[in-house]
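# Structure at a glance
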Amino acid sequence: MSSPAPPDPDRVVVGWREWVGLPQADLPWVKAKIDTGARSSSIHAFDLEAFEADGREWVRFSIHPWQRSDEDRTELTVPVLDRREVRSSNGQVEQRYAVAMDVVLAGRPLTTVMTLSNRDEMGFRMLIGREALERGFLVDASLSYAGGRPRRAVRRKNWGK
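Keep in mind the model is a prediction, meaning the values are calculated, not measured.

Quick notes on the rules
Residue positions are counted from 1 within each chain, in the order its sequence is given. Whole-chain, interface and lining totals are the exception, using all residues; otherwise, since this is a predicted model, local features are given only for residues with pLDDT of at least 70 and side-chain atom pairs are given and counted only at 80 or more. With hydrogens and water stripped out, all remaining heavy atoms of the structure feed into the side-chain values. Values of pLDDT, which run from 0 to 100, indicate the predictor's confidence residue by residue. Secondary structure elements are defined from DSSP: runs of H or I of at least 4 residues count as helices, runs of E of at least 2 residues count as strands, and each element is numbered from the N terminus. We place a 1 Å grid over just the protein atoms. Points where a 1.4 Å probe fits but has no way out form a cavity, open points with protein on both sides within 12 Å along at least 5 of 7 lines form a pocket, and any residue with an atom within 4 Å of a point lines it. Grid points are joined across faces, edges and corners, and a volume is the space filled by probe spheres set on the points. Polar here means any residue other than Ala, Val, Leu, Ile, Met, Phe, Trp, Tyr, Cys and Pro, which are nonpolar, and Asp, Glu, Lys and Arg, which are charged; Gly is therefore polar. Whenever two N or O atoms come within 3.5 Å, that pair is a polar contact, provided that in protein one can donate a hydrogen and the other can accept it, and provided that, for residues adjacent in sequence, both atoms are side-chain atoms. What makes a salt bridge here is a side-chain nitrogen of Lys or Arg within 4 Å of a carboxyl oxygen of Asp or Glu, nothing more. Relative accessibility thresholds used throughout: buried, under 20% of the residue-type maximum; exposed, over 50%; partly exposed, between the two (1.4 Å probe, protein chains only). Surface patches are drawn from residues lacking salt bridges whose relative accessible area is over 30%; two like charges belong together within 9 Å, two nonpolar side chains (Val, Leu, Ile, Met, Phe, Trp, Tyr) within 5 Å. Note on areas: Shrake-Rupley with a 1.4 Å probe; residue coverage comes only from the protein chains shown. In this scheme, strands are said to pair when DSSP sees at least two bridges between them.

Further remarks concern the confidence of the model for the chain. Chain-level pLDDT for the chain is 87 on average; 89% of the residues reach the 70-or-more range. Confidence scores differ between elements of the chain, with helix α2 (residues 152-158) showing the lowest mean pLDDT of 74 and strand β11 (residues 137-139) the highest of 96.

As a further point, take empty space enclosed by the protein. If you walk through the whole model with that rule in mind, you get 1 cavity of 30 Å³ or more. When its volume is computed, the largest cavity comes out at roughly 30 Å³. Residue classes in the lining of the largest cavity are distributed as 4 nonpolar, 2 polar and 1 charged.

All right, on to the side chain of Arg96 then. Tracing the backbone through its elements, the reader meets Arg96 in strand β8 (residues 93-105). At 2.9 Å, the side chain of Arg96 and the side chain of Glu94 are in polar contact.

Once that is clear, we can look at the pattern of salt bridges. For the structure on display, the rule yields 8 salt bridges. Arg60 serves as the salt-bridge partner of Glu49, at 3.1 Å between the closest nitrogen and oxygen. With Glu49 in strand β5 (residues 46-53) and Arg60 in strand β6 (residues 56-63), this residue pair connects regions lying 11 residues apart in the sequence. The class of Glu49 is partly exposed, set by a relative accessible area of 40%. Linking Glu75 and Arg60 is a salt bridge whose minimum nitrogen-to-oxygen distance equals 3.9 Å. Taken as a pair, Glu75 in strand β7 (residues 74-87) and Arg60 in strand β6 lie far apart in primary sequence, 15 residues in all.

Here we come to a nonpolar patch on the surface. Taken together, the side chains of Val13, Leu138 and Leu143 define a hydrophobic patch exposed on the protein surface, amounting to about 200 Å² of accessible area. Within the element layout of this structure, Val13 appears in strand β1 (residues 12-14). According to the relative accessible area criterion, Val13 is partly exposed, its value standing at 40%.

Let us now look at the pairing of strand β2 (residues 17-22). For β2, a buried count of 5 out of 6 residues is recorded, marking the element as mostly surrounded by other parts of the structure. The antiparallel hairpin formed by β2 and strand β3 (residues 27-34) contains 4 residues in its connecting segment, where Asp26 sits at a positive phi of about 55°. Pairing between β2 and β8: 2 bridges, direction antiparallel. Considered in β8, the bridge of Gly21 is made with Val104.

Shown next as structure tokens:
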């Protein structure tokens, strides 16, 4: 039996759930599940409105950054990269808009493809998938919030309080 490879110093360790930033939405803290089983990342989006401008397809949508809360609705308008067929965790295939979003994960900024989905009933309003994680992250499933977390007052908003 061979021993595991030594840790790569250029990789950032993250836990199975993390607080991430969304600079385009001016949101420094959104709780996300780190999901190595998902290829793409996904965010809860509602009130989607697609339109054409400058010869490109765009989408306007809103997000709720806090789990179990409708407070602090934030609206974004971004160009559509494509539409993807995505198989959800319950096995259903749905067509989703895919957009590029800036994310700060464990202090490291990256731009990743994010699919827009109604995740209102899900435990996390955002998933970070393999396409984003392949760019220098190692997942330690025994950890939570390895990349840091906001002060208690911000975390309480996520509890619906």
